[in-house]
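Descriptive analysis of the structure
Now for the letters of each chain:
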Amino acid sequence: MIETPKFEAKFLHPRYWLTWLGVSCLYLISWLPYRWQLALGRGVGRLFYRYVPRRADIARRNLELSFPEMSAAEREQLVKTNMENTGIAFFETGMAWWWPDWRIKRKLHVHGVEHLLQPQQEGKGVLMLLFHFLSLEVHARLHGFVRPAVGLYRPHNNAVMEFLQTRGRGRSNKYLIPRTDVRSMLQALDNGDIAGYLPDQDYGRKRTVFVPFFDVKETSSTTGTLLFAGNANCAVVPTTCFRRDDGTGYDVTFYPQFEQFPSDDELADVRRVNAMVEFAIQQKPEQYLWVHRRFKTRPNPDDPDLYKR
């Protein structure tokens, strides 16, 4: 368990001054009207698209692999919109970490909360499947107003950012668990807690099977979902958080729990998780984190790198 960090004198060391400058700017911007920040985010995203081509290239390649039937013009427009949403996500971090409760709660629109509450009423924990949408920081903050949760956590290399992100992510939730601490995660679920888990990135070869994801027939997909669901008294409940196109806030939706999960078919179970990720992405593809090299791990080390052309 990660305790709420306290400010330390070492954070004032000159090596952190640039970090503090950037964070201070983001903090001040976070007090601007919401729609202004959306507009600023889109502007920053357009700069990403034009001047950080590597990230746009990764997104473009992921879309080519996932949606080969999409026309080149449609794909390029989606890349541009995705970069704009990536810029917005930068400012959403400030909102998630520093907005007071009264301000951010006004942006919350909840759907399907009964799917989250029913397992808890039955005395079960909830393994909440989250996905890497660009509003993930806001999602974590907003979820705490529905039911405070536990989250897996990867420490930041910068001590100041570690301090800030840990405090920010814990503002409306319970506590964080290091991502390698499987035992504490299982204990939280057995205790009836809600614990968030992200199954939709390429985590390499450890605890992995290769199953379809969109049009890529052999995609490295974690079996971590099965590990937690099979060894704890919990239900598996997917959830999404989408930014509304009209600028009125965020739709946080809870979906029906997976029935008879896990089964005795590991490949089918992981494919079922991937199918849920696909369903979520198809609703708002422009808001997904396409800049991650989702298909970098191939079934055999000698297989061609899908990102080298």
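Residues numbered from 1 in each chain as written. Predicted model: local features only at pLDDT ≥ 70, side-chain atom pairs only at ≥ 80, totals over all residues. Heavy atoms only, no water.

Where helix H9 (residues 182-190) meets helix H10 (residues 224-231), the axes come as close as 9 Å, and the angle between the chain directions of the two elements is 50 degrees. Comparing the axis directions of H9 and H10 gives the class oblique. Crossing angle aside, the handedness with which H9 passes H10 is right-handed. Residues Val-182, Met-185, Leu-186, Leu-189 and Asp-190 of H9 touch H10, and the partners they reach there are Leu-227, Phe-228 and Asn-231. A breakdown of the residues in the contact of H9 with H10 according to their chemical character gives six nonpolar, one polar and one charged. (Axes fitted to C-alpha atoms, helices over the stretch in contact; angles between N-to-C directions. Helix = DSSP H or I, 4+ residues; strand = E, 2+ residues; numbered from the N terminus. Parallel < 35°, antiparallel > 145°, perpendicular 65-115°, else oblique. Left-handed = near helix turned anticlockwise from the far one by under 90°. Contact = heavy atoms within 4.5 Å. Nonpolar A, V, L, I, M, F, W, Y, C, P; charged D, E, K, R; others polar.)

Moving on, we come to the UniProt feature "transmembrane region" (unreviewed entry) in the protein. In the numbering adopted here, UniProt assigns the feature "transmembrane region" (unreviewed entry) to residues 16-34. End C-alpha to end C-alpha, residues 16-34 measures 29 Å, and it is 74% helix and 0% strand. (UniProt positions renumbered as here; feature names shortened; annotations may be inferred.)

Moving on, we come to the UniProt feature "short sequence motif: HXXXXD motif" (unreviewed entry) in the protein. UniProt records the feature "short sequence motif: HXXXXD motif" (unreviewed entry) at residues 132-137, using the numbering of this structure. Taken end to end, residues 132-137 is 33% helix and 0% strand, and its first and last C-alpha atoms sit 10 Å apart.

Ranked by size, the top nonpolar core spans 51 residues in total, and within it Leu-127, Phe-228, Ile-281 and Trp-290 carry the most contacts. Here this core gets six residues from one element, more than from any other, and that element is helix H11 (residues 266-283). If we skip the residues at most four places from it in the chain, Leu-127 touches Met-185, Leu-189, Ala-195, Tyr-197, Thr-225, Phe-228, Ala-229, Cys-234, Ala-235, Val-236 and Val-237. By size, the runner-up hydrophobic cluster in this structure holds 34 residues, among which are Leu-142, Phe-163, Ile-194 and Phe-254. (Core = buried A, V, L, I, M, F, W, Y, C linked by side-chain atoms within 4.5 Å. Buried < 20%, exposed > 50% of the residue type's maximum accessible area, 1.4 Å probe, protein only.)

Attention now goes to H9. Every buried residue of H9 is listed here: Val-182, Met-185, Leu-186, Ala-188 and Leu-189. The buried residues of H9 occupy an angular sector of 160 degrees when projected down its axis, which confines them to one face. Its buried side turned inward, H9 meets strand S2 (125-129), strand S3 (150-153), strand S4 (175-178), strand S5 (194-197), H10 and strand S8 (234-243). (Arc of directions from axis to C-beta.)

Right, let's talk about the pattern of salt bridges for a bit. Applying the stated criterion across every chain, the model contains twelve salt bridges. One salt bridge connects Glu-92 with Arg-243, and the closest N-O pair in it is separated by 2.8 Å. Of this pair, Glu-92 sits in helix H4 (residues 72-98) while Arg-243 sits in strand S8, and the two are 151 residues apart along the sequence. The closest approach of N and O atoms between Arg-244 and Asp-251, which form a salt bridge, is 2.9 Å. (Salt bridge = Lys/Arg side-chain N within 4 Å of Asp/Glu carboxyl O.)

In this section: unusual backbone geometry. The amide bond that connects Phe-261 to the next residue, Pro-262, takes the cis arrangement and shows omega of -5 degrees. You can see Pro-262 is positioned in the loop between strand S9 (250-254) and H11. Positive phi, normally seen in glycine, also occurs at Arg-207, with a value near 50 degrees. The phi dihedral of Gln-260 falls on the positive side, at around 50 degrees, and the residue is not glycine. Examined against the element boundaries, Gln-260 turns out to sit in the loop between S9 and H11.

With that settled, the discussion passes to the environment of Phe-214. Residue position: Phe-214 is located in the loop between strand S6 (208-213) and strand S7 (216-222). Overall, Phe-214 belongs to the buried group, its relative accessible area being 12%. With 19 residues separating them in the primary sequence, Phe-214 and Ala-195 have C-alpha atoms 27 Å apart. Phe-214 has contacts with Ser-66, Phe-67, Glu-278, Ile-281, Gln-282 and Trp-290, leaving out every residue within four places of it along the chain.

Turning our attention to the sheet that holds S5. Sheet strands associate in pairs through backbone hydrogen bonding, adopting either a parallel or an antiparallel arrangement. Across the sheet, which stays open at both edges, the seven strands sit in the order S1-S9-S8-S2-S5-S3-S4 with mixed pairing between neighbours. The sheet is open, and its two edges are formed by strand S1 (108-111) and S4, each paired on a single side. Across the sheet, the mean angle separating the axes of adjacent strands is 30 degrees when strand polarity is ignored. Relative to S5, S3 is paired through two bridges, and the arrangement is parallel. Across the sheet, residue Gly-151 finds its bridge partner in S5, namely Gly-196. Running over the sheet, helix H6 (residues 114-121) touches S2, S5, S8 and S9 and is turned about 150 degrees from S2. (Pairing = 2+ DSSP bridges.)

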